[in-house]
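Residues per chain, in single letters:
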Amino acid sequence: MRSLINILDLSVEEVDKLLDVADDIIANREKYSEVCHGKKLATLFFEPSTRTRLSFEAAMYELGGNVLGFSAAASSSASKGESVADTTRMACCYADIIAMRHPKEGAPFVASKVSSVPVVNAGDGGHNHPTQTLTDLLTIRRKKGRLNNFTIGFCGDLKFGRTVHSLITALARYEGIKIVLISPDELKLPSYIKKDVIKNNGIEYVQTTDLEAVLPELDVLYMTRVQQERFFSEEEYIRLRDSYILTRKKLDKAKEDLIILHPLPRVNEISTDVDDDPRACYFEQALCGKFVRMALIMELLGLHPEEKESK
Ligand code: NCD
């Protein structure tokens, strides 16, 4: 059974094809409205979410399917001590595909091992978030027209930010990507990603603490929230949470065709006066998330609009 746990579970060709399908969905919404008729998506969310869960649900509804699930561990039998494996076995009895978010790294992987239906990792701890990556890639491709030959800055919590880990892993497979890592020393990219993904693939990169110094070089700026829930000390979080605040003024030095992304939720790291700047793409990015998840659900269920028409 095909699942999506890590972005590398998809080849570059498969990623590109999913993005093509997402583009086609955006252009021809009606064509896809019944593709998942009679199918059910289970959203098993053991951790808070707004965009990821709602975009999965909206995606399934827009494909003509249905959704069931829970949005907090407290409202599931996890609160009674049920294991992830057993909860997954139950969900397989009721649904055709599962999207799972969990605070523990590897939980969706464990689920995929016992599941009889596809499992999608909707974020596992500070590890991975492959569907956010598909969202990010779609947004970059629609805005820039390509997924190669650009300089991307990742700014904020590069240590715990799972969206950063997955997107760097995905971009390492494209040509001419230069990565600028911008974070306080305490929140640097984990060394296993720097070594296994960036260095081993010969990706050009720089590491800095100074956002303003590198801003003029960037084609894409990926801002992130300091991940409060992964900190061991509240004091440390408070000390680091406002390390970077992007303002309209700071953008004076940036390229005219820069695109600013953020997986959201934003806390303080992007001032609201940036929202009206044409370079701010984060809300559009959230919209892209629904379309790319529609493409993914169809792919994992092996359903296509053409097949339905030929029935
Ligand atoms: C991100 C996540 O959950 O990792 N949000 C999202 O899925 N859009 C980023 C975050 O929570 O900061």
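In this numbering scheme, every chain counts its residues from 1 along its sequence in written order. Reporting in this predicted model follows two pLDDT cut-offs: at least 70 for local features of residues, and 80 or more for side-chain atom pairs to be given and counted; totals over whole chains, interfaces and linings ignore these cut-offs and use all residues. For the side-chain quantities, the full set of heavy atoms in the structure was used; hydrogens and water were omitted.

Our next topic: the nonpolar core. For soluble globular proteins, nonpolar side chains are generally found buried alongside one another. Counting residues in hydrophobic clusters, the biggest one holds 63 residues, and the most contacted among them are L134, I152, F154, I168, I179 and I297. Tallying contributions element by element places helix α10 (residues 282-301) first for this core, with 10 residues. When residues of this core are assigned to domains, at least three map to each of domain 1 (7-128 + 289-306) and domain 2 (130-286). We call two residues in contact when some of their heavy atoms are within 4.5 Å. Among residues more than four places away in sequence, those in contact with I168 are F154, I179, L181, L189, I193, V197 and I198. With 20 residues, the next largest nonpolar core counts C155, I182, L211 and L264 among its residues. Nine residue types can take part in a nonpolar core, namely buried Ala, Val, Leu, Ile, Met, Phe, Trp, Tyr and Cys, and a core is a set of them joined through side-chain atoms within 4.5 Å. To sort residues, take the accessible area from a 1.4 Å probe on protein chains only and compare it with the maximum for the residue type: under 20% means buried, over 50% means exposed, and anything in between is partly exposed. Each helix is a run of H or I in the DSSP string that is no shorter than four residues. Each strand is a run of E no shorter than two, and both are numbered from the N terminus. For the domain bounds, the source is a domain assignment made automatically or taken from a database.

By a widespread convention, an interface's size corresponds to the accessible area lost as its parts come together. Its domain assignment divides the protein chain into domain 1 (7-128 + 289-306) and domain 2 (130-286). The distance between the C-alpha centroids of domain 1 and domain 2 comes to 25 Å. With 33 residues of domain 1 at the interface, the matching set in domain 2 holds 27 residues. As used here, buried area is the combined drop in accessible area, with a 1.4 Å probe, of two parts when they are placed together. Summing the contributions of domain 1 and of domain 2, the shared interface buries around 2500 Å²; its carbon and sulfur component is 57%. Contact with domain 2 buries surface across domain 1, with I7, L19 and R51 losing the most and accounting together for 26% of the total. Salt bridge, as applied in this entry: a Lys or Arg side-chain nitrogen positioned within 4 Å of an Asp or Glu carboxyl oxygen. As a salt-bridge pair, R162 and E47 come within 3.1 Å of each other at their nearest N and O atoms.

Our focus in this paragraph is the sheet that holds strand β3 (residues 97-102). One open sheet holds the four strands; their spatial order is β2-β1-β3-β4, and the pairing between them is parallel. Each end of this open sheet is capped by a strand with a single partner; those strands are β2 (66-70) and β4 (119-124). Neighbour-to-neighbour, the strand axes of the sheet open up by a mean angle of 15°, direction not taken into account. Whenever a helix is involved, its axis is fitted only over the stretch in contact; in every case the axis is a line through C-alpha atoms, and angles between N-to-C directions fall within 0 to 180 degrees. Sitting on the sheet, helix α4 (residues 107-114) touches β3 and β4, and the angle it makes with β4 is about 165°. At least two bridges found by DSSP between two strands is the condition for calling them paired.

This next bit is on unusual backbone geometry. With omega at 5°, the peptide bond leading from L264 into P265 counts as cis. With respect to the helices and strands, P265 occurs in the loop between β9 (259-261) and α10. Phi at N149 is positive, roughly 55°, even though this residue is not glycine. Within the secondary structure, N149 sits in the loop between α5 (130-144) and β5 (150-155). For L264, which is not glycine, the phi dihedral falls at a positive 65°. Among the structural elements, L264 can be located in the loop between β9 and α10. In this structure L264 comes out as buried when scored by relative accessible area, which is 12%.

Before going further, it helps to examine the sheet that holds β5. The sheet built from five strands is open, its strands ordered β7-β6-β5-β8-β9 with parallel pairing. Every other strand in the sheet has two partners, leaving β7 (204-208) and β9 as the edge strands with one partner each. With direction set aside, neighbouring strand axes in the sheet form an average angle of 15°. Here strand β8 (residues 220-223) pairs with β9 via three bridges, running parallel. Looking at the pairing, L221 lines up with I260 of β9. Helix-sheet contacts for helix α6 (residues 162-171) involve β5, β6 (177-182) and β8, and the interaxial angle to β5 is about 165°. Taken strand by strand, helix α7 (residues 191-199) contacts β6 and β7, and its axis lies near 155° from that of β7.

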